[in-house]
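The primary structure of each chain is shown beneath.
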Amino acid sequence: NSVVTTSTNPNLRHLSQPNNQVAAAVTPQRSLQLDLMVPNWGRDERLKQFASRLKLSWQEYRTMVAHNTTSQITTLRLLTTRYNSTQEIDTQLQLELSQNSGLPLDQIVLVQAPKGKTFSRSHAMNLIQQTAACHEDHCLVAGMDVDMEVKYPYFIHSEQAVIPGQTAHFPIVFSQY
């Protein structure tokens, strides 16, 4: 008599066996896309550095979960904002972000703010979410600031915390000055 219970990750079921041992049974994997929203204004050098750090963490995540059948995130997109920019500058930045992050060019999305709009973090996040973030059931949405460092567990936490089409993952960071 096994009892099936479901964890927060819909791809992992726990089978409670009669001797109270827990065995994991994996349901078929589904590929997910993680849209990482990073609001930005006038901090292109820091955004490039962020992309370089992101590359290392994404590679580490992909290596760590290569044989883990419960891992779902197979596509990562970097979404950011542009305020009072030009097409020429944006094209060059998109290319550099692709090179720094190791992501294909089409997975670097630059969202242009309306002319004359001033930057605020909340406006930038809303703009990205409304115009560029994927809203399909295979998409996860998460947000970070350009000064934050992404480590590979971030991807795992996003996988566990986000309900596609319903919630997003915004880590709370405390700093001490």
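Please refer to the structure higher up on the page.
Note that the structure is predicted; figures quoted are calculated from it, not measured.

## Details of the nonpolar core
Buried together is how nonpolar side chains tend to be arranged in soluble globular proteins.
Next, step 1: One finds Leu-36, Phe-50, Leu-54, Leu-76 and Phe-155 to be the most contacted residues of the largest nonpolar core, which totals 27 residues.
Next, step 2: Every element with two or more residues in this core is listed here: β4 (32-38), α1 (44-64), β5 (73-82), α2 (87-101), β7 (139-143) and α4 (153-161).
Next, step 3: In terms of residue count, α1 provides more of this core than any other element does, six residues in total.
Next, step 4: Once you skip the residues sitting within four places of it in the chain, Phe-155 turns out to touch Leu-34, Leu-54, Ser-57, Trp-58, Tyr-61, Ile-73, Leu-76 and Val-150.
Next, step 5: In this structure, Val-111, Ala-113, Leu-127 and Ile-128 belong to the second largest nonpolar core, which totals 13 residues.

## Remarks on the state of the cysteines
Next, step 1: Within this structure, the stated rule accounts for one disulfide.
Next, step 2: A sulfur-sulfur distance of 2.0 Å marks the disulfide that ties Cys-134 to Cys-139. Taking the sign of the S-S torsion, about 55° here, the bridge from Cys-134 to Cys-139 comes out right-handed. Just as Cys-134 is buried, Cys-139 falls in that class too.

## Digging into helix α3 (residues 121-131)
Side chains three or four residues apart in an α-helix point the same way, a direct result of the helix having 3.6 residues per turn.
Next, step 1: Among the residues making up α3, those that are buried are His-123, Ala-124, Met-125, Leu-127 and Ile-128.
Next, step 2: Looking at the buried residues of α3, the elements they touch are β4, β5, β6 (108-112) and β7.

## Topic: the environment of Glu-136
Next, step 1: Along the chain, Glu-136 falls in the loop between α3 and β7.
Next, step 2: By relative accessible area, Glu-136 is classed as partly exposed at 48%.
Next, step 3: Separated by 104 residues in the primary sequence, Glu-136 and Leu-32 have C-alpha atoms spaced 10.0 Å apart.

## Concerning the packing of aromatic side chains
Next, step 1: Counting across every chain of the model gives six aromatic pairs.
Next, step 2: With centroids separated by 5.5 Å and ring planes inclined at 25°, the aromatic side chains of Trp-58 and Tyr-61 adopt a geometry described as stacked. Note that Trp-58 and Tyr-61 are positioned in helix α1 at a spacing of three residues, about one turn of the helix. In this pair, the class of Trp-58 matches that of Tyr-61, namely buried.

## Quick look at the side chain of Asp-44
Next, step 1: You can see Asp-44 is positioned in helix α1.
Next, step 2: For Asp-44, the residues in contact, after removing those within four places along its chain, are Arg-82 and Leu-93.

## A closer look at the pattern of salt bridges
Next, step 1: Applying the stated criterion across every chain yields a total of nine salt bridges.
Next, step 2: As a salt-bridge pair, Lys-48 and Glu-96 come within 2.8 Å of each other at their nearest N and O atoms. Here Lys-48 is found in helix α1, whereas its partner Glu-96 is found in helix α2, with 48 residues between them in sequence.
Next, step 3: Looking at Lys-48, the relative accessible area reads 14%, which means it is buried.
Next, step 4: Given a relative accessible area of 22%, Glu-96 falls into the partly exposed group.
Next, step 5: Here Arg-82 and Asp-90 are joined by a salt bridge, their closest N and O atoms 2.8 Å apart.
Next, step 6: Residues participating in the shared-partner salt-bridge network are Arg-43, Arg-46 and Asp-147.

## Details of the packing of α1 against α4
Next, step 1: Running from N to C, α1 and α4 cross one another at 70°; their axes reach a closest spacing of 8 Å. Classed by the angle they form, the pair α1 and α4 counts as roughly perpendicular. Packed against α1, whose contacting residues are Leu-54, Ser-57, Trp-58 and Tyr-61, the element α4 presents Phe-155, Ile-156 and Glu-159 at the interface.
Next, step 2: In the contact of α1 with α4, the residues fall into five nonpolar, one polar and one charged.

What counts and what doesn't
- Residues numbered from 1 in each chain as written.
- Predicted model: local features only at pLDDT ≥ 70, side-chain atom pairs only at ≥ 80, totals over all residues.
- Heavy atoms only, no water.
- Core = buried A, V, L, I, M, F, W, Y, C linked by side-chain atoms within 4.5 Å.
- Buried < 20%, exposed > 50% of the residue type's maximum accessible area, 1.4 Å probe, protein only.
- Helix = DSSP H or I, 4+ residues; strand = E, 2+ residues; numbered from the N terminus.
- Contact = heavy atoms within 4.5 Å.
- Disulfide = S-S within 2.5 Å.
- Phe/Tyr/Trp six-rings, centres within 6.5 Å; stacked < 30°, edge-to-face > 60°.
- Salt bridge = Lys/Arg side-chain N within 4 Å of Asp/Glu carboxyl O.
- Axes fitted to C-alpha atoms, helices over the stretch in contact; angles between N-to-C directions.
- Parallel < 35°, antiparallel > 145°, perpendicular 65-115°, else oblique.
- Nonpolar A, V, L, I, M, F, W, Y, C, P; charged D, E, K, R; others polar.

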